[in-house]
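A structural walkthrough
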Protein chains: 2
Amino acid sequence: MNAEKIPDIIIGRLPIYLRALQRLAEKGVHNTSSQELGEMIGISAAQIRKDISQFGEFGKQGTGYSVPFLIERLQDILKVNRVWDVIIVGMGDMGHALARYNGFVNRGYQVTMLFDNDPAKIGQKVNNLEIFSTDVLVEKVKQNKIKIAMLTVPASAAQEVADLLVKAGIKAILNYAPIHLNVPKDVQVQHIDPAAHLQRMTYYL
Amino acid sequence: MNAEKIPDIIIGRLPIYLRALQRLAEKGVHNTSSQELGEMIGISAAQIRKDISQFGEFGKQGTGYSVPFLIERLQDILKVNRVWDVIIVGMGDMGHALARYNGFVNRGYQVTMLFDNDPAKIGQKVNNLEIFSTDVLVEKVKQNKIKIAMLTVPASAAQEVADLLVKAGIKAILNYAPIHLNVPKDVQVQHIDPAAHLQRMTYYL
């Protein structure tokens, strides 16, 4: 396997497979098939088999996939066989919701620091985490070697804060602001944009 | 143009083009090129030209695209040349954040009704909207002919509520619960799953 050669579109589907497999594991299911997975997530069985086979021979003709084994392999591939520290910058409604979100458990992430530039919010606690000033962001992120940030500031402030994140050594930004961020090539950005998801569905209405 | 024949993956990129174009319009930019758009959103200029050309000849060699014209055409195609009513079911942290979110303005949606099954929340107001009991969801959604819902209930309740949404005539569900929903073929589901987005980036760290 040469990780460099796996197309990004396949990498983007692996978290969806992992999510479905973890759901099966929670239900006590030990074996599954590409057909069953496909029905769960709306991706063809052939596509799933092809994607997974990029990383090795994990399934057996006739018996399918071992759920715990495939979970473990996907966690290895996606590097979530550990827990990554994540910061949240922007403690408005969305920042608060993410700080209290329990959906990161068992998926490889924990929110460990919160930042805002509003003096009224700095020092407050959300989910037992203190909100720090963005003035100390670079220092604290570097100290703790944190690589991942969720950006929940208003669009007008997003680029400025992104520059700060880059300076702090952040390499992956989950961007909730509906604007494009200019960052160096070695920094990844993913968008969460509910309006864009809605638009994709409205087309078919 | 035959809408039936446009691949879903292209439809999925149109909201990203529209978001970038609206951002340009806000900055007062009247003309753009596939190159400029491509740099803004990290999609190749050739891909953008190819995608947009599926719907007609909107650009001119040498002068590029008219920003207001292309915005209008994309809004037509995505059917967001109107404002769709949207309900939120599940008024926890995420439901609250979405009810107060100002990112739907100018993008084709407005949140008009909120629902929860917690007696302590029913009757409260968020962003001037009253929280109704899920007991009256089917009735109210049918009455108002609402087709779009955001689902922000816990994973354990998501399928049950999804069944209710289907019964009420909802045809598009933005699902914040990290589980697959079983719905009829004419109901669309999109996921918002921050952990999956983070995993996609962690692969490259």
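Residues numbered from 1 in each chain as written. Chains lettered and ligands numbered in written order. Predicted model: local features only at pLDDT ≥ 70, side-chain atom pairs only at ≥ 80, totals over all residues. Heavy atoms only, no water.

A short note on the overall build of chain A
Looking only at helices and strands, one finds 8 helices and 10 strands in chain A. When its C-alpha atoms are laid out on the principal axes, chain A stretches across 60 × 40 × 35 Å. Contacts spanning at least 24 positions in sequence make up 56% of the contacts within chain A whose residues lie at least 6 apart. Working note: accessible area of chain A is about 9600 Å², and carbon and sulfur atoms make up 49% of it. In chain A, 23 side chains carry a positive charge and 20 a negative one; their mean positions are 5 Å apart. (Helix = DSSP H or I, 4+ residues; strand = E, 2+ residues; numbered from the N terminus. Contact = heavy atoms within 4.5 Å. Areas by Shrake-Rupley, 256 points an atom, 1.4 Å probe, with all protein chains shown as cover. Lys, Arg positive; Asp, Glu negative; His and termini not counted. Charge placed at Lys NZ, Arg CZ, Asp CG, Glu CD.)

A short note on the sheet that holds strand S2 (residues 59–60) of chain B
Residues and elements named next belong to chain B. Read across the open sheet, the 3 strands follow the order S1-S3-S2; overall the sheet is antiparallel. Strands at the two margins of the open sheet, each flanked by one partner only, are strand S1 (31–32) and S2. As paired elements, S1 and strand S3 (residues 64–66) share 2 bridges and run antiparallel to each other. Residue pairing across strands places Thr 32 opposite Tyr 65, the latter belonging to S3. (Pairing = 2+ DSSP bridges.)

Regarding the relation of the copies chain B and chain A
Superposing chain B onto chain A takes a rotation of 180° plus a shift of 0.0 Å along the axis, which leaves an RMSD of 0.0 Å. On this basis, the relationship between the two copies can be described by a two-fold rotation axis. Residue by residue, 100% of the interface of chain B is reproduced at the interface of chain A, so both copies engage with the same surface. (Least-squares fit on C-alpha atoms with pLDDT ≥ 70 in both.)

Points about the pairing of strand S8 (residues 148–151) of chain B
Residue and element names in this part refer to chain B. Here S8 shows two buried faces, one formed by Ile 148 and Met 150 and the other by Ala 149 and Leu 151. Relative to S8, strand S4 (residues 84–89) runs parallel, the two sharing 4 bridges. Across the sheet, Val 89 pairs through a bridge with Leu 151, a residue of S8. Where S8 meets strand S9 (residues 172–175), 4 bridges bridge the pair, whose relative direction is parallel. Note on S9: the bridge partner recorded for Ala 149 is Ile 173. (Buried < 20%, exposed > 50% of the residue type's maximum accessible area, 1.4 Å probe, protein only.)

A word on the environment of Gln 35 of chain B
Residue and element names in this part refer to chain B. Mapping Gln 35 onto the fold places it in helix H2 (residues 34–41). Looking at Gln 35, the relative accessible area reads 45%, which means it is partly exposed. Setting aside anything within four residues of it in sequence, one finds Gln 35 in contact with Ala 45 and Arg 49. Only 3.4 Å separates the side chain of Gln 35 from the side chain of Ser 34, close enough to count as a polar contact. (Polar contact = N/O pair within 3.5 Å; in protein donor to acceptor, adjacent residues only side chain to side chain.)

Let's talk about the interface of chain B and chain A
Bring the parts together and some accessible area is lost; that lost area is often taken as the interface size. Between chain B and chain A, the residue contacts involve 57 residues of the former and 57 residues of the latter. Between chain B and chain A, a total of about 6000 Å² is buried, with carbon and sulfur atoms accounting for 61% of that surface. Linking chain B to chain A there are 8 salt bridges. Note that Asp 193 of chain A is salt-bridged to Arg 107 of chain B, the shortest N-O span being 2.8 Å. (Buried area = accessible area lost by both parts, 1.4 Å probe. Salt bridge = Lys/Arg side-chain N within 4 Å of Asp/Glu carboxyl O.)

Observations regarding the pairing of strand S7 (residues 129–133) of chain A
All names here are of chain A. Inspection of the sheet shows strand S5 (residues 109–116) paired to S7 by 3 bridges, in the parallel sense. Across the sheet, Asp 116 pairs through a bridge with Ser 133, a residue of S7. Linking two consecutive strands that pair antiparallel, namely strand S6 (residues 125–126) and S7, is a turn of 2 residues; a positive phi of about 55° is found at Asn 127 within it.

Re the sheet that holds strand S9 (residues 172–175) of chain A
Taking strand neighbours across the sheet as the criterion, the 7 strands line up as S6-S7-S5-S4-S8-S9-S10 (chain A) in an open arrangement whose pairing is mixed. The sheet terminates laterally at S6 and strand S10 (188–191) of chain A, the two strands that pair on one side only. Sheet topology places S9 of chain A next to S10 of chain A; 4 bridges connect them, and they run parallel. If you follow Asn 175 of chain A over to S10 of chain A, its bridge partner there is His 191 of chain A. In the packing of helix H8 (residues 194–202) of chain B onto the sheet, the strands contacted are strand S4 (84–89), S5, strand S8 (148–151), S9 and S10 of chain A, and the crossing angle to S10 of chain A comes to about 160°. (Axes fitted to C-alpha atoms, helices over the stretch in contact; angles between N-to-C directions.)

Don't take any of this as a statement about function, it's just geometry.
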